Amino acid sequence: MINVVGENGCSMNNKGTIAKTPFASMKLIGNSTDSSDLEGNETSTYTSIQTEYFTSGQRALSEAYKMDEIGHQSMINMGFERTYGPEPVDNMDGKITRVLSRYSRIYTGYLL
């Protein structure tokens, strides 16, 4: 059985076949402790998020970059900085274009 994700055009599930394009995916790829004490109390974490945008058809790459720019502004507004991308990435289905970006920020429970 094929697992279809993102019938509404977006998902945080990275396992399955996308339902349709355009499609956006965002997932947490790391949340390491940045500062803590010997009792395990965390004072801050270093959060990393990956965004992926899938498009197809004419002008697929430019459409994926437009989607990435909207996502980029949202991530910047939440205090993240881009650490990678936007970068076109090979996809198993050659008819689908994929653009990937990665973001990180220190999270302390407050906007810094």
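Our structure's up above, just so we're on the same page.
The following paragraphs examine the structure supplied in this document. (Residues numbered from 1 in each chain as written. Predicted model: local features only at pLDDT ≥ 70, side-chain atom pairs only at ≥ 80, totals over all residues. Heavy atoms only, no water.)

A few points about the overall build of the protein
1) Next: Across its full length, the protein carries 1 helix and 7 strands.
2) Next: Overall, the protein shows an N-to-C arrangement of helices and strands of β-β-β-β-β-α-β-β.
3) Next: Scored against the burial criterion, the 112 residues of the protein give a buried share of 30%.
4) Next: Taking the intrachain contacts of the protein between residues at least 6 apart in sequence as the baseline, contacts between residues at least 24 apart amount to 45%.
5) Next: Of the roughly 7500 Å² that the protein leaves accessible, carbon and sulfur atoms contribute 52%. (Helix = DSSP H or I, 4+ residues; strand = E, 2+ residues; numbered from the N terminus. Buried < 20%, exposed > 50% of the residue type's maximum accessible area, 1.4 Å probe, protein only. Contact = heavy atoms within 4.5 Å. Areas by Shrake-Rupley, 256 points an atom, 1.4 Å probe, with all protein chains shown as cover.)

So, the pattern of salt bridges
1) Next: Summed over the entire model, instances satisfying the criterion amount to 4 salt bridges.
2) Next: A salt bridge links glutamate 52 to arginine 98, with the shortest nitrogen-to-oxygen separation between them at 3.1 Å. Here glutamate 52 is found in strand S5 (residues 42-56), whereas its partner arginine 98 is found in strand S7 (residues 96-107), with 46 residues between them in sequence. Each member of the pair, glutamate 52 as well as arginine 98, carries the same accessibility label: buried.
3) Next: Lysine 66 is paired through a salt bridge with glutamate 63; the nearest N and O atoms lie 3.5 Å apart. Pair noted here: lysine 66 and glutamate 63 are both in helix H1 (residues 60-77), with a separation of 3 residues, about one helical turn. (Salt bridge = Lys/Arg side-chain N within 4 Å of Asp/Glu carboxyl O.)

Re the pairing of S7
1) Next: Relative to S7, strand S6 (residues 81-89) is paired through 6 bridges, and the arrangement is antiparallel. By the bridge assignment for S7, proline 88 is matched with valine 99.
2) Next: In this antiparallel pair of consecutive strands, S6 and S7, the connection spans 6 residues. (Pairing = 2+ DSSP bridges.)

What about unusual backbone geometry?
1) Next: Of the consecutive residues glycine 85 and proline 86, the connecting peptide bond is found in the cis state with omega at 0 degrees.
2) Next: Structurally, proline 86 can be placed in strand S6.
3) Next: Of note in this structure, arginine 59 is not a glycine but carries a positive phi near 60 degrees.
4) Next: Along the chain, arginine 59 falls in the loop between S5 and H1.
5) Next: Residue class for arginine 59 comes out exposed when judged on its relative accessible area of 67%.

What to know about the side chain of threonine 55
1) Next: Turning to its location among the elements, threonine 55 is positioned in strand S5.
2) Next: A distance of 2.6 Å separates a polar side-chain atom of threonine 55 from the backbone oxygen of alanine 60.
3) Next: Apart from residues lying up to four places away in sequence, threonine 55 is in contact with Thr21, Pro22, Ala60, Leu61, Glu63, Ala64, Met67, Lys95, Ile96 and Thr97. (Polar contact = N/O pair within 3.5 Å; in protein donor to acceptor, adjacent residues only side chain to side chain.)

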